[in-house]
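Structural description and commentary
What follows is the residue order along each chain.
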Amino acid sequence: MNAALTDTDHHDDHHHGPAPGLMRWVTTTNHKDIGTLYLWFSLLMFFIGGFMALIIRTELFQPGLQVVDPHFFNQMTTMHALIMIFGVVMPAFVGLANWMVPIMIGAPDMALPRMNNWSFWILPFGFTMMLSTLFMDGGGPAGGWTLYPPLSLQGGDGFPFLIFSIHILGISSIMGAINIVATIMNLRAPGMTFMKMPLFVWTWFITAYLLIAVMPVLAGAVTMLLTDKFFGTAFFTAAGGGDPVMFQHIFWFFGHPEVYILILPSFGIVSEIIPTFSRKRLFGYASMVYATSSIALLSFIVWAHHMFTVGMPLSGELFFMFATMLIAVPTGVKVFNWVATMWRGAMTFETPMLFALGFVIMFTIGGFSGVMLALAPVDFQYHDTYFVVAHFHYVLVPGAIFGIIAAVYYWIPKWTGNMYDEKLGKIHFWVSTIFVNLLFFPMHFVGLAGMPRRIPDYAVQFADFNAIATIGAFGFGFSQIIFVVVLLKCVKGGEKATDQVWEGAEGLEWTLPSPAPYHSFTDQPEVK
Amino acid sequence: MRLVIKALASIMVLSAALLSPVVMADWAVNMPKGVTDISHKVYDMHMLAFWIMCVVAFGVFGAMTYSIIKHRKSKGVTPATFHESTAVEVVWTIIPFIILIVLALPAARTLIAQEDDSNSELTIKITGYQWKWQYEYPDSGVSFFSALAEESRQARVMGSGIDVNDVEHYLLDVDKPLVIPVDTKVRFLLTANDVIHSWWVPDFAIKKDAIPGFINTMWTHVNETGTYRGQCTELCGRDHGFMPVVVEVVEKSEFNQWLASQVEAKESGQQLAATN
């Protein structure tokens, strides 16, 4: 080998390193950089959405109106939901996918790196636009995140901005999803067959298809709202021959797959973490894949269980009730598989494992109330009460969010090369778990006792449980500051992580050095 | 300070409530049984589902807890190597399926009963407005609005200085309640004039959306006289939380008298208008 050739190699290395300064983050096409951007963005939005939740809970601490006007309260409930769904859970999952999917399948980067950059960088603009509606005449959207017309059409100047920002978030999600599908389809290392892929990759693969299938449906629905409001159409306006219920059908045809988009990647994360800390292979890998696929397929035929009270024909109600109940079967299989993975393993309880176990228990509690909600005759009592609020917060907060937090603790040593503060991590888990239950469990009770959701003030018999929920909300909100401290400490330094990081961990990501080099797998790994 | 004490007391009562079913009764932690045959069926269905879920939870969480206690590395166990078992997986696919059938059959029966609105003896039309209800008795031409009671209306204003705990039935009282007869199958026709509302009385276990351009039907057959309260349950704008539903269920004779007096009041009102 002559000197000139070595020199070229050397030059090449520099050329492909990150650009210095701020422009590194603006122009980056590196999957790790973009993953990092997504994750920090999601954390920022978590605190913004959480702040809105605390405004809601402050008003609900006691009966009577004390803090905010009812119209502003409605803006808070609407924006809290939009931000938590589109700004926190979805970007966090895409961030994790960006970081981990290429590494886990032995690829050098995502398949479409420039589109990757774009799909992240339109997000901050979308959310700036969405948040700016709060300062416009008439305020932000106040008709609930479900945007049911005719109420949503009563919105003020912010309405078209909201619609446009939803379009931007949708485009971002679709591009992210296409990128993940293209990466998984094309860039797997030799020997990485579909049935050898890690479950996180599998669940994201399925999630990406759901996204591609339903985000355009949402875009269509909100565009019809826009033309109803400004261009004289009457898709959903009864006075013009339109049908307000049709919007609900279209919306939930998007909305139900959407709720699985918000949970399937967490299923994948937990399926990575539990085997590692049980030091035992995942039980029923193939059935996990089939269960996830069946959940995804069923999600397309159950949408109307969100609207049992709209006055569907009996046959429709029966169909959607039975179809919805069926989802309990594959979901149950997943939970049983996790328990069987732990069974006769050799468990240790580091922070990622604690969050994963918390996920399994509390997600399952949300699943139980889900089965109850599926029963149409009883749903007439539960519908639009706090029982529903308790249900979906159990599957989304100690469900999806705990899954994301578990993933961060699990993989952050690989990202930064440093171990996080285990003691603080455990404190974070226990404080979060206690307060999240204090926050959401009493909501079951007030809901059953008859408290409707989305109300700024309530009858005095609901006061005690609401006070408890508010205490839980503040406790949970402030305990997330511990998380930020752990993250910052870990980024700055700490005990050096080994390449293996966790004793029982298996998979390609643990064959890379910690921190993972800027370009991983320049030599293609082989999976046997 | 009072709030803090109250909050701490609430936490203590909550922990006590979880241990003692007697205390739980005072805290209204469950769905009301209600006063109609349908509401009893719904309540039974709810409790059946609840107990089945408890049994499943006991099994799943029990196995998890056992595993967490026994199968930990600090106990010096060596992990097993099994990672699949077709027999076990088939069993735990079939068992949930059977449980679901146990739930689905009574649920379908209850649903079919709920949707059977034939042979009603009285029809009432309910129209939702932002933010009040209109009740019409089409057979007698009686019609009136029902909005939040004055006392609640004053107390709910921010900075009103009124302690809402002193207001009787705060937010659950109206100026003029709907009146229906006991032991009668009453059919409701629901629609709305502006946005979607939803009419709910928990004690009757009926809730249905009132949608502009649609007429939905539902019915009830109340077995006990009394005053029953509910609320609008579909977000309908600023004052969504302030449009309660109050239904007075009275003896049939009393209902007929009431309806006659309403008809009379309406006719004298019309005469008054005509003479002017």
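Residues numbered from 1 in each chain as written. Chains lettered and ligands numbered in written order. Predicted model: local features only at pLDDT ≥ 70, side-chain atom pairs only at ≥ 80, totals over all residues.

Here we look at the overall build of chain B
Note the threshold: Think of it this way: any DSSP run of H or I at least four residues long counts as a helix, any run of E at least two long counts as a strand, and we number them from the N terminus. To sort residues by exposure, count the other C-beta atoms lying within 10 Å of each residue's C-beta; 20 or more gives buried, 12 or fewer gives exposed, and values between give partly exposed, all with C-beta atoms placed from the backbone.
Looking only at helices and strands, chain B has 6 helices and 10 strands in total. Residue burial in chain B is summarised as follows: out of 276 residues, 34% are buried.

Quick word on the interface of chain A and chain B
Formally: Throughout, a residue-residue contact means that the two C-beta atoms, derived from backbone geometry, are no farther apart than 7 Å. Any residue outside Ala, Val, Leu, Ile, Met, Phe, Trp, Tyr, Cys, Pro, Asp, Glu, Lys and Arg is labelled polar, Gly included; the first ten of those are nonpolar and the last four are charged.
Taken together, the contact between chain A and chain B spans 78 residues of the former and 80 residues of the latter. A per-element tally of the side of chain A that touches chain B places helix α12 (residues 328-342) of chain A first, with 8 residues. The residue makeup of the side of chain A that touches chain B, split by class, is 48 nonpolar, 21 polar and 9 charged.

Side note on the sheet that holds strand β3 (residues 142-146) of chain B
Residue and element names in this part refer to chain B. Note the cut-off: Between any two strands, pairing holds if DSSP finds at least two bridges. To obtain an axis, a line is fitted to C-alpha atoms, over the contacting stretch when the element is a helix, and the angle between two such axes runs from 0 to 180 degrees between their N-to-C directions.
Here 5 strands make up an open sheet; going across it, the order is β3-β2-β1-β5-β8 and the pairing mixed. Of all strands in the sheet, those bounded by a partner on one side alone are β3 and β8 (216-221). Neighbour to neighbour, the strand axes of the sheet diverge by 25° on average, direction disregarded. Sheet topology places strand β5 (residues 185-192) next to β8; 6 bridges connect them, and they run antiparallel. Looking at the pairing, Val186 lines up with Thr220 of β8.

Some words on the environment of B:Ala149
Secondary-structure assignment places B:Ala149 in the loop between β3 and α5 (150-155). Setting aside anything within four residues of it in sequence, one finds B:Ala149 in contact with B:Asp173, B:Val174 and B:Asp175.

Quick notes on the environment of A:Val181
Residue and element names in this part refer to chain A. Of note, Val181 is situated in helix α6 (residues 159-186). For Val181, a count of 18 C-beta atoms within 10 Å gives the class partly exposed. In this structure, the C-alpha to C-alpha distance between Val181 and Gly241, residues 60 residues apart in sequence, is 41 Å. Among all residues touching Val181, those that are not within four sequence positions of it are Phe205, Ala208 and Tyr209.

A word on unusual backbone geometry
In this structure, the amide linkage connecting A:Ser514 to the following residue, A:Pro515, adopts the cis form with an omega of -5°. The step from B:Gln130 to B:Trp131 runs through a cis peptide bond, and the omega angle for that step is 0°. With respect to the element layout, B:Trp131 can be found in the loop between β1 (122-129) and β2 (132-137). In the Ramachandran plot, B:Asn119 falls in the positive-phi region, its phi being about 60° despite a non-glycine side chain.

Considering the domain arrangement of chain A
Residues and elements named next belong to chain A. Applied cut-off: Either an automatic procedure or a domain database provided the assignment from which the domain bounds are taken.
According to the domain assignment, chain A consists of domain 1 (27-258) and domain 2 (263-518). Those elements that provide at least two residues to the side of domain 1 that touches domain 2 are α3 (31-59), α4 (70-105), α7 (199-230) and α8 (244-261). Ranked by the residues each element gives to the side of domain 1 that touches domain 2, the list is headed by α4, at 11 residues. For the side of domain 1 that touches domain 2, the residue count by class is 28 nonpolar, 14 polar and 3 charged.

Brief notes about the pairing of strand β6 (residues 197-201) of chain B
Residue and element names in this part refer to chain B. Buried residues dominate β6, accounting for 5 of its 5 residues. Of the two faces of β6, the one holding His197, Trp199 and Val201 and the one holding Ser198 and Trp200 are both buried throughout. In this sheet, strand β7 (residues 206-210) lies alongside β6 in antiparallel orientation, the contact comprising 5 bridges. Looking across to β7, one finds that His197 is bridged to Ala210.

A look at the sheet that holds strand β9 (residues 226-231) of chain B
Residue and element names in this part refer to chain B. Pairing is mixed in the open sheet, where 3 strands are placed in the order β4-β10-β9. Each edge of the open sheet is held by one strand with a lone partner, namely β4 (178-181) and β9. Taking the axes of each pair of neighbouring strands and ignoring which way they run, one obtains an average angle of 25° across the sheet. By the bridge criterion, 6 bridges tie β9 to strand β10 (residues 244-250) in an arrangement that is antiparallel. In the sheet register, Gly226 faces β10, and the bridge partner there is Val249.

Things to note about helix α11 (residues 314-326) of chain A
Let me state the cut-off plainly: Residue count minus one, scaled by 1.5 Å, sets the expected span of a helix.
Taking 1.5 Å of rise per residue, 13 residues should cover 18 Å, and α11(A) covers 19 Å from first to last C-alpha, within 8% of that figure. Those residues of α11(A) that fall on the buried side of the exposure criterion are A:Glu317, A:Phe320, A:Met321, A:Thr324, A:Met325 and A:Leu326. Among the structural elements, α10 (285-298), α12, α13 (351-374) and α14 (376-382) of chain A together with α4 (86-114) of chain B are those in contact with the buried residues of α11(A).

Some words on the packing of α4(A) against α6(A)
Residue and element names in this part refer to chain A. We apply this condition: For this classification, under 35 degrees means roughly parallel, over 145 means roughly antiparallel, 65 to 115 means roughly perpendicular, and everything else is oblique. A clockwise turn of the near helix away from the far one marks a right-handed crossing, whereas an anticlockwise turn of less than a right angle marks a left-handed crossing.
Packing of α4 against α6 leaves a shortest axis separation of 11 Å and a crossing angle of 20°. Between α4 and α6, the angle is such that the two are roughly parallel. Of the two possible hands of crossing, α4 and α6 adopt the one that is left-handed. Between α4 and α6, the contacting residues are Phe86, Met90, Val94, Ala97, Val101, Pro102 and Ile105 on the first element and Leu169, Ser173, Gly176, Ile180, Thr183 and Ile184 on the second. Tallied by class, the residues present in the contact of α4 with α6 amount to 10 nonpolar, 3 polar and no charged.

A few points about the pairing of β7(B)
Burial within β7(B) is extensive, with 5 of its 5 residues counted as buried. Taking the residues between adjacent antiparallel strands as the criterion, β6(B) and β7(B) are bridged by 4 residues, where B:Ala205 takes a positive phi near 55°.

Looking at the nonpolar core
Inclusion rule: Joined through C-beta atoms within 7 Å, a set of buried Ala, Val, Leu, Ile, Met, Phe, Trp, Tyr and Cys residues constitutes a nonpolar core.
Counting residues in hydrophobic clusters, the biggest one holds 243 residues, and the most contacted among them are A:Val89, A:Val201, A:Val270, A:Ala356, A:Leu375 and A:Ala406. The dominant element in this core, judged by the number of residues it contributes, is α4(A), at 22 residues.

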